[in-house]
Amino acid sequence: ADWQSRHAYSDIRYEFAEGIAKITIARPQKRNAFRPETVKELIDAFHRAHHDNEIGAIILAGEGPDAFCSGGDQTVRGAEGYIDEGGTPHLNVLDLQMQIRRLPKPVVAMVAGYAIGGGHVLHLVCDLSIAADNARFGQTGPRVGSFDAGLGAGLLARTIGMKKAKEIWLLCRQYDAQQALAMGLVNTVVPLARLEEETVQWCREMLQLSPMALRMIKAGFNADTDGLAGIQELAGNATGLFYQTAEGQEGRNAWLERRPPDFAKYRKRP
Ligand code: 2NE
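Remember, predicted model here, so these are calculated numbers, not experimental data. (Residues numbered from 1 in each chain as written. Predicted model: local features only at pLDDT ≥ 70, side-chain atom pairs only at ≥ 80, totals over all residues. Heavy atoms only, no water.)

Draft legend 1. Fine view of the site of the ligand. Near the ligand you find 21 residues, and of these Ser70, Gly72, Gly118, Thr140 and Ser146 are the closest. The separation between a nitrogen atom of the ligand and a polar main-chain atom of Gln74 is 2.9 Å. Contact with the protein chains removes 66% of the 1000 Å² of surface that the ligand exposes when unbound. Among the residues forming the shell around the ligand, the class breakdown is 8 nonpolar, 10 polar and 3 charged. (Near = heavy atom within 4 Å. Polar contact = N/O pair within 3.5 Å; in protein donor to acceptor, adjacent residues only side chain to side chain. Areas by Shrake-Rupley, 256 points an atom, 1.4 Å probe, with all protein chains shown as cover. Nonpolar A, V, L, I, M, F, W, Y, C, P; charged D, E, K, R; others polar.)

Rendered as structure tokens:
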């Protein structure tokens, strides 16, 4: 794809081509570990992609062949969390995880190299994961004094099953791309040289499909895991569809015209 930069950031790149946004964590010297500023920029970029009518699918990637993301930047981890340049501690990647789930467009993780720790959870929360043959997956929390007992645990268990999810967290091993494929942690594995081509092809296929149907089915997949907030997402989409009906518009019109609404003409569907 012919990527064009759409906004300049310091820690990430935000590019666009063919209705696809590509968001790339660009700290390869740290295996694309994120610091609070990185996450702040990612949240901003995902917000742009969310609200851009031209964009129908989003790729999340890491710069270079060595890593998708190695999680929180341990060099800025202070006594109270990951410290931003102003000295304030954060765990703002949890907001990013939920943002990806609530975003009503498919998000595809394009994984070359390591997806480790909080970086592993980032690929997990994406709707699809395309892995290069050099990809390696794992959690390190219990080794480095951290854990993600939210989506990092529960969504992992729902994705690959409870026993395997517990193994990943309780032993902190690494798994190669074929092992990840076998446990249903990624959708496909391709040679590193073909990673972007394959990922873009998956996005192109989704761009041929109904955006509303994709939006509804994504919300449906996430609804039970996200509880009432997940149902709210699904319900908000239903309200959006209802607004587009004559029946929904009759209520608005009646109010604007200062008359009682006439809903009698609408079918009481079985
Ligand atoms: C990712 C991994 C396995 C890569 O190993 P390797 O051997 O390919 O590279 P190396 O030499 O370890 O790393 C290259 C450079 O990147 C830095 C390293 O310190 C090294 O820097 P230099 O020595 O060249 O200056 N680097 C790598 N990962 C980093 C990180 N996370 N923070 C800061 N610098 C990093 C290997 O590097 C590794 O195991 N990395 C650590 C993975 C990790 O434990 N991440 C944190 C998990 S906790 C978390 O992410 C989290 C959470 O649990 C809950 C909420 C939010 C976040």
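Structure's up, so let's keep going.
Draft legend 2. Structural context of the nonpolar core. Counting 49 residues, the largest nonpolar core has Ile23, Phe46, Ile58, Leu60, Ile100, Leu122 and Phe137 as the members making the most contacts within it. With residues up to four places along the chain from it excluded, the contact list for Ile100 reads Phe46, Leu60, Val107, Leu122, Val125, Cys126 and Lys218. Counting 17 residues, the second largest nonpolar core, distinct from the first, contains Ala57, Ile59, Met110 and Ala112. (Core = buried A, V, L, I, M, F, W, Y, C linked by side-chain atoms within 4.5 Å. Buried < 20%, exposed > 50% of the residue type's maximum accessible area, 1.4 Å probe, protein only. Contact = heavy atoms within 4.5 Å.)

Draft legend 3. Focus on the UniProt feature "binding site: hydrogencarbonate" (unreviewed entry) in the chain. As recorded in UniProt, the feature "binding site: hydrogencarbonate" (unreviewed entry) lies at Gln139, Thr140 and Gly141. Counting through the fold element by element, Gln139 comes out in the loop between strand 12 (136–138) and helix 4 (141–144). Judged by its relative accessible area of 1%, Gln139 is buried. In terms of polar contacts, Gln139 uses its side chain to reach the backbone carbonyl oxygen of Gly117, at 3.2 Å. Locating Gly141 in the fold gives a position in helix 4. Setting aside chain neighbours within four positions, we find Gly141 in contact with Ser146, Phe147, Trp169 and Cys172. (UniProt positions renumbered as here; feature names shortened; annotations may be inferred. Helix = DSSP H or I, 4+ residues; strand = E, 2+ residues; numbered from the N terminus.)

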